[in-house]
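Here is what each chain is made of, one letter per residue.
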Amino acid sequence: MKRTSYIGELGQAQVGTTVTLQGWVNRRRDLGGLIFLELRDRSGTVQVQVEPDSAAFAAADTLRAEYVVEVEGRFQARPEGQRKGGLADFEVIASRVTVLNAARTPPFELEKGEQVAEDIRLKYRYLDLRRPEMQRQLMLRSKAVAAVTAFLDAEGFVQVETPMLTKSTPEGARDFLVPSRLNPGEFYALPQSPQLFKQLLMISGLDRYYQLARCFRDEDLRADRQPDFTQLDMEMSFVTQEDVLEVQERLMAHVFRVVLDTELPLPFPRLSYHEAMDRYGSDKPDLRFDLRFVDVTDLFRGGEFAAFAGAETVKVLAAPELTRKQIDELERVAKQNGAKGLAWVRREGDSFTGGISKFVGGQAAALLERSGVQPGGTLLFAAGDWKKAVTALGAVRLALRDLFNLAADGPQFHAAWVLDFPQLEWDEDSGTWTYMHHPFTAPHPEDIPLFGTDRQGEIRAQAYDLVLNGYEVGGGSIRIHDPAVQAQMFQAIGFSEAEAQEKFGFFLDALEYGTPPHGGIAWGFDRLVMVMAGAGSIREVIAFPKNNRGVDLMAQAPSPVEDAQLAEVGVVVRDQE
RNA sequence: GGUCCGGUAGUGUAGCGGUUAGCAUAACUGCCUGUCACGCAGUAGGUCGCGGGUUCAAAUCCCGUCCGGACCGCCA
C-alpha cells in the first residue's frame, strides 16, 4: 500500500517526514499562485499546500470537489499564527499530486448534509455516506456489534444462523413472500424474527444462543421502522425472568461503556405495564423526564361536567403556561391519539380560568394540591376509557417534551424495564382474545388458573420490554415449555388444535421431546444504535435504508421484473385498479 | 386506509393575484502567493412537481393527482 497512514493518524510525531496520503478533495482554495487543498479520508481532513513552482501544481490546478487523489509531500507544522488547533496546526507541502479519479460535480454539497432533502441524500447515498457524520454513525454501529459479540461470546452464548427462507405464519406482521420455483404455487416467507428457531435451539440443548438477525415485516414504515431490520436475538435455557434481565443489563452497560464511554446505572428501574400506562400513557415511556399524570377521576365522578362525570378515568397533566395556539396543537395530538378532546384550565392565583374552568370551581383546591401546577400553568385533562384516556394524554406528554425540550434536563440516556404485560388482549375488531406478545409467551404460573375464566384478561405474561429514551429497544419473554400450557394458550386465543398443528406442528412436536425452561429477548438493534448516535431516524444508522414507502431511492427497488422471471416462479401479476 | 406539513435554477430558500421570478451556495471564465466557508469581477443555469379550474391576469387562489416527510391505523 502506497498510503503511509490515515490522515487522522498524523500528528506531531510525523512532522518533518514525507507522507503519502490518499483520499477525496474536500475543498480547494485557489489563490492563483498558491493552491490549498483539503484532503479527506474516513479518519479526518488535512490541508495540503501546493506551491506554484512545485511539480504538483499542474495536477492540483485541475482538481475539483470529490476528485480522488494521491498526495505525496512533507508533513510539517504551519507557520505560527496560522495554527487552528488539532490537525489544522499542520499541513502537507505537496511534492506530487496524482489524480486517481476525476468526479462529476456532486448533486449536493456534502458539507450541507443535514440541510439537504432526505430523498436526494438517499438517491446518492454513496455520497451522503462520505460525510463524516454518517461515517461516525456507521463506525459507532460497528463498534456496538463488536462489543455485543465480545460480551456474549465471553458469556458462553453460541452464535447460530437461522434460515432467511422459512415458513409463513398467519399471525403477527404481514410476511414478505418468496415464490418457490421448485415447488410451484408455494411460497417461503422471510422471517419476521427467528422466534421458533431460537426456541428449537434451546430444545436442541445449545443452552445459550445469539444472532444479529435480519428480520422482515411487510408493514407501514415510520422514522424508527424499516421493512428489513436487524435484531440482536438471544435465548437462554434454564433461566428465570430475573436471570434474563440481569444478563441484559450487564450487556447493555457493557455496550455503552465500550462504545460511548458512558456508564448506565444498574440495575435499570422497573415498572409494570399498568404503571407505565397509568402514569405516562405509554408502554415505552420516555423517563428522561418525569412529568406524570395525576388521577382525578374521583373529583369529577357524578359531577356537573358531563364529559367527566361518567368517565372510567380522568387524568390530568400539569403543563407550563401555554398559548391558545399551543393548546390547539396539543388537542390535535390528543385527538389523533384517540381522545374526543383535550380539556384544559389555566391557573390564576388559587383558581382556574379558561377552558372548562367553570366546571372545576368546587374542585379547584384539590386540583391545585394534587397537580402542583405552577401559577400561570395549564392543566390538561383526558377522560374516557382508561386505556384511551392515558394513551391520548401520553401522546400529549411527548408533545410537551418536544415543545419545551423537557428531556434536556434529564440524563442523556435512561433505560428501564417494563414488565408484567397482559398475556391476552381483547381485540375489538375480531371480537376475540389475542396474545399481546406472541403465543409462546409463558404466563405467570400463579395466573394460569385464570385461563378460560372471565378474568383471563388479568393473566400476566412473563414478558419484558427494554425501554431507552422512550423507544422500545428490546422485548422478550420466558417461553412456554409445557405442552399443556401451550394448549391452554392456543385455546384462549381461539386456535383450534388442527390450526395449531397446521401452522406450528413441527414446533409443538418438538415441545414434547424434552424442552428445557427457557426465555430470551431481541433488541431492535437499529433503534438502539439510533438512540446511541443521537439520530432522529433509524435511516441515519442504516447504510442503505428505504424511505417511508419502502422504496430504495438509490437502487430503485422494488421494481417490475421480466415476464420470463415471473413464469419461472409460477407467478402471475394481476392488474392493479 | 386516514390526518397533518412540504414541493420555486444542481442544492438551500424568498416571493403568496400583475416582479425581467429574487437571494445564497454550487458550477463555468478571468484575476489573485498564506487561504482555511479564501477574496474580487463576470457568465450561464428555472416546464415555479403534474393536470384541470377560477380570473382580464396564477408560482401565488380552488380541485385532483404524483412525489417527499411526520403521525394514527398497522407493526405477535
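By convention here, each chain's residues receive numbers from 1 onward along its written sequence. Each chain takes a letter, starting from A, and each ligand takes a number, starting from 1, following the order in which they are written. Thresholds applied to this predicted model are a pLDDT of at least 70 for local features of residues and 80 or more for the giving and counting of side-chain atom pairs; totals over whole chains, interfaces and linings are not thresholded and use all residues. Based on all heavy atoms of the structure, the side-chain values leave hydrogens and waters out of the count.

K.L.:
Help me understand the domain arrangement of chain A in this model?
P.N.:
A common way to report how large an interface is uses the accessible area buried once the components associate. Note that domain bounds follow an automatic or database assignment of domains. Under the domain assignment, chain A is made up of domain 1 (7-101) and domain 2 (289-409). Each of domain 1 and domain 2 has a C-alpha centre, and the two are 61 Å apart.

K.L.:
What exactly am I supposed to notice about helix H14 (residues 497-511) here?
P.N.:
Every α-helical turn comprises 3.6 residues, leaving residues that sit three or four positions apart pointing alike. Going along the chain from the N terminus, every DSSP run of H or I of four or more residues is numbered as a helix, and every run of E of two or more is numbered as a strand. One fewer than the residue count of a helix, multiplied by 1.5 Å, yields its expected span. With 15 residues, H14 ought to run about 21 Å at 1.5 Å a step, yet its terminal C-alpha atoms sit only 15 Å apart, falling short of that. Within H14, the axis deviates most sharply at Phe504, by approximately 95°. Buried within H14 we find Ala500, Phe504, Gly505, Phe507, Leu508, Ala510 and Leu511. One axis is fitted to the seven residues ending at the residue and one to the seven starting there. The bend at that residue is the angle between these axes. Three labels apply to residues, based on accessible area from a 1.4 Å probe with only protein chains included: buried if under 20% of the type maximum, exposed if over 50%, partly exposed otherwise in between.

K.L.:
Please clarify how the sheet that holds strand E21 (residues 471-478) should be interpreted in this entry.
P.N.:
Backbone-to-backbone hydrogen bonds pair the strands of a sheet. The strands run either parallel or antiparallel. With respect to topology, eight strands assemble into an open sheet ordered E6-E9-E10-E22-E21-E20-E17-E11, the strand pairing being mixed. Looking at the sheet topology across the chains shown, the edges are occupied by strand E6 (158-159) and strand E11 (270-272). At least two bridges found by DSSP between two strands is the condition for calling them paired. In this sheet, strand E17 (residues 415-419) lies alongside E11 in parallel orientation, the contact comprising three bridges. Each bridged residue has a counterpart across the sheet, and for Arg270 the counterpart in E17 is Trp417. Here helix H5 (residues 195-203) sits on the sheet and contacts strand E9 (208-216), strand E10 (228-237) and strand E22 (518-524); the angle it forms with E10, its principal contact strand, is near 25°. Along the sheet, helix H7 (residues 273-280) makes contact with E11 and E17, crossing E11 at roughly 85°. Residue contacts are defined here by distance: any two heavy atoms, one from each residue, within 4.5 Å place the two residues in contact. Each axis is a line fitted through C-alpha atoms, taken for helices only over the stretch in contact, and angles between the N-to-C directions span 0 to 180 degrees.

K.L.:
Quick question: what am I supposed to make of the packing of aromatic side chains here?
P.N.:
In this description, a pair of aromatic rings is defined by centroid distance and the angle of the planes. Two rings from Phe, Tyr or Trp (for Trp, the six-membered ring) form a pair when their centres sit within 6.5 Å of each other. Planes less than 30 degrees apart are called stacked, planes more than 60 degrees apart edge-to-face, and all others tilted. All chains considered together, the criterion is met by 18 aromatic pairs. Here Phe440 and Phe507 contribute two aromatic rings whose centre-to-centre distance is 5.1 Å and whose plane-to-plane angle is 65°, an arrangement assigned as edge-to-face. You can see Phe440 sitting in the loop between strand E19 (432-435) and strand E20 (463-468) and its partner Phe507 sitting in helix H14, a full 67 residues away along the chain. Note on Phe440: relative accessible area 4%, which makes it buried. Given a relative accessible area of 0%, Phe507 falls into the buried group. Clustering of aromatic rings is evident, with ring pairs tying together Phe300, Phe305, Phe308, Phe359 and Phe381. Cation placement over rings: the criterion is NZ of Lys or CZ of Arg within 6 Å of the ring centroid and within 35° of the ring normal. Above the plane of the ring of Phe289 lies Arg397, whose end atom (NZ or CZ) is 4.1 Å from the centre.

K.L.:
What is the right way to read the pairing of strand E18 (residues 424-427) from this model?
P.N.:
A regular strand carries its side chains on alternate faces of the sheet. In terms of strand pairing, E18 meets E19 through four bridges, oriented antiparallel. Bridged to Glu425 within E19 is Thr434.

K.L.:
How should the confidence of the model for chain A be read in this particular structure?
P.N.:
Low pLDDT means the predicted atomic positions in that stretch should not be read closely. Confidence per residue, as judged by the predictor, is encoded in pLDDT with a range of 0 to 100. Averaged over all residues, the pLDDT of chain A is 94; the fraction at 70 or higher stands at 99%. Predicted as a complex, the structure gets a pTM of 0.95 and an ipTM equal to 0.95.

K.L.:
Hey, could you run me through the pattern of salt bridges in this one?
P.N.:
Side chains that differ in sign of charge can pair as their charged atoms come close. We define a salt bridge as a contact between a side-chain nitrogen of Lys or Arg and a carboxyl oxygen of Asp or Glu at a distance within 4 Å. Across all of its chains, the model carries 46 salt bridges by this definition. We note a salt bridge from Asp128 to Arg125, for which the minimum N-O separation is 3.0 Å. Residue Asp128 and its partner Arg125 are located together in helix H3 (residues 125-128), separated by three residues, close to a single helical turn. Linking Arg214 and Asp228 is a salt bridge whose minimum nitrogen-to-oxygen distance equals 3.8 Å. Residue Arg214 is found in strand E9, and its partner Asp228 is found in strand E10; the two are separated by 14 residues along the sequence. Look at Arg214 and you get partly exposed, because its relative accessible area is 40%. For Asp228, a relative accessible area of 19% corresponds to the buried category.

K.L.:
Just checking my understanding: could you explain the protein's contact with RNA strand B for this structure?
P.N.:
If even one non-hydrogen atom of a residue comes within 4 Å of a molecule or strand, that residue is called near it. The environment of RNA strand B is made up of 49 residues, and the closest members are Arg29, Asp30, Gln82, His437 and Asn548. Considering RNA strand B, the proportion of its atoms within 4 Å of the protein that are sugar or phosphate atoms stands at 53%. Under the rule applied, a polar contact is a pair of N or O atoms within 3.5 Å (in protein, one hydrogen donor and one hydrogen acceptor; residues adjacent in sequence only if both atoms are side-chain atoms). Within the side chain of Arg78, a nitrogen or oxygen atom sits 2.7 Å from a base nitrogen of RNA strand B. With respect to RNA strand B, the side chain of Gln336 contributes an N or O atom lying 2.8 Å from a base oxygen. Contributions of two or more residues to the surface near RNA strand B are made by strand E1 (18-30), strand E2 (35-41), strand E3 (44-50) and helix H2 (118-123). Under the convention adopted here, Pro, Cys and the residues Ala, Val, Leu, Ile, Met, Phe, Trp and Tyr are nonpolar, Asp, Glu, Lys and Arg are charged, and Gly plus all remaining residues are polar. Split into classes, the residues belonging to the surface near RNA strand B amount to 14 nonpolar, 16 polar and 19 charged.

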